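Survey of secondary and tertiary structure
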Amino acid sequence: MPSGDTFSVPPIGDFVRRYLAAAKVSIDPFARNKAWATHTNDLNPETTAQHHMDAEKFLLHLAAQGVKADLIIFDPPYSPRQISECYKAVGLEVGMKETQSALLYQRVRDAIVPVATEDAIVLSFGWNTVGMGKRHGFEQIEIMLCCHGAAHNDTICLAERRLPELQGALL
Ligand SMILES: C[S@@+](CC[C@H](N)C(=O)[O-])C[C@H]1O[C@@H](n2cnc3c(N)ncnc32)[C@H](O)[C@@H]1O
């Protein structure tokens, strides 16, 4: 079954743990209660994450501290409805702009680049394979589809590696 605790779905958890095992420093800006990464954050203060900031602000905060990670995990809410539910749960006002997943994804992905090492891997979870993309200097290295049965959407698990020759592509 699909779960809001994405990595509690066994094959997805295995996918994440496989990359974590090879990582030295990792960042999870949408961690919920998963304390798997070195640096964890979740907007909701009722979660056990180390920080409770907006994901973009959290990444900019780490960048200002000079943190560099070779693994960054991107597991945000997957739809405008899920974003709205997350924001309302923490008492934030939500309008059209705040619930647009494309806007949330773009500002968080842009903020991942300054904390990524030259050969960093980014794991993205959701309903598409857009990921960091060449625009941010990344190439796809693995895609895993997790079928949840019935009429549920698959969870698409994407791994991308930063390519030195594509760095600066965004700027
Ligand atoms: C799909 S869940 C993450 C699940 C987690 N990876 C796991 O396996 O348990 C997405 C999380 O993002 C958090 N969230 C939503 N909007 C956020 C934002 N703008 N900044 C930081 N966290 C946010 C939610 O509170 C929610 O816990």
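The structure we're discussing is the one just above.
Residues numbered from 1 in each chain as written. Predicted model: local features only at pLDDT ≥ 70, side-chain atom pairs only at ≥ 80, totals over all residues.

Before going further, it helps to spend a moment on the overall build of the protein chain. Looking only at helices and strands, the protein chain features 4 helices and 6 strands. Starting at the N terminus, the α and β elements of the protein chain follow one another as α-β-β-α-β-α-α-β-β-β. When each of the 171 residues of the protein chain is scored for burial, the buried share is 33%. In the protein chain, 58% of the contacts between residues at least 6 apart in sequence involve partners at least 24 apart. (Helix = DSSP H or I, 4+ residues; strand = E, 2+ residues; numbered from the N terminus. Buried ≥ 20, exposed ≤ 12 C-beta atoms within 10 Å, placed from the backbone. Contact = placed C-beta atoms within 7 Å.)

In terms of burial, strand E6 (residues 155-162) is largely enclosed, as 6 of its 8 residues are buried. Note that strand E4 (residues 116-126) and E6 share 6 bridges and pair antiparallel. Bridge assignment links valine 122 to a residue of E6, and that residue is glutamate 160. Relative to E6, strand E5 (residues 138-146) is paired through 8 bridges, and the arrangement is antiparallel. (Pairing = 2+ DSSP bridges.)

Position of alanine 116 relative to the elements: it lies in strand E4. Measuring from C-alpha to C-alpha, the distance between alanine 116 and arginine 162 comes to 8.2 Å, with 46 residues separating the pair along the chain.

In this section: unusual backbone geometry. Of note, arginine 32 is a non-glycine position whose phi angle comes to about 50°, a positive value. One can find arginine 32 in the loop between strand E1 (26-28) and strand E2 (39-40). Note on arginine 32: 21 C-beta atoms within 10 Å, which makes it buried. Phi at alanine 150 takes a positive value of approximately 45°, unusual for a residue other than glycine. Summarising the element assignment, alanine 150 is placed in the loop between E5 and E6. Judged by the 7 C-beta atoms lying within 10 Å of it, alanine 150 falls in the exposed class.

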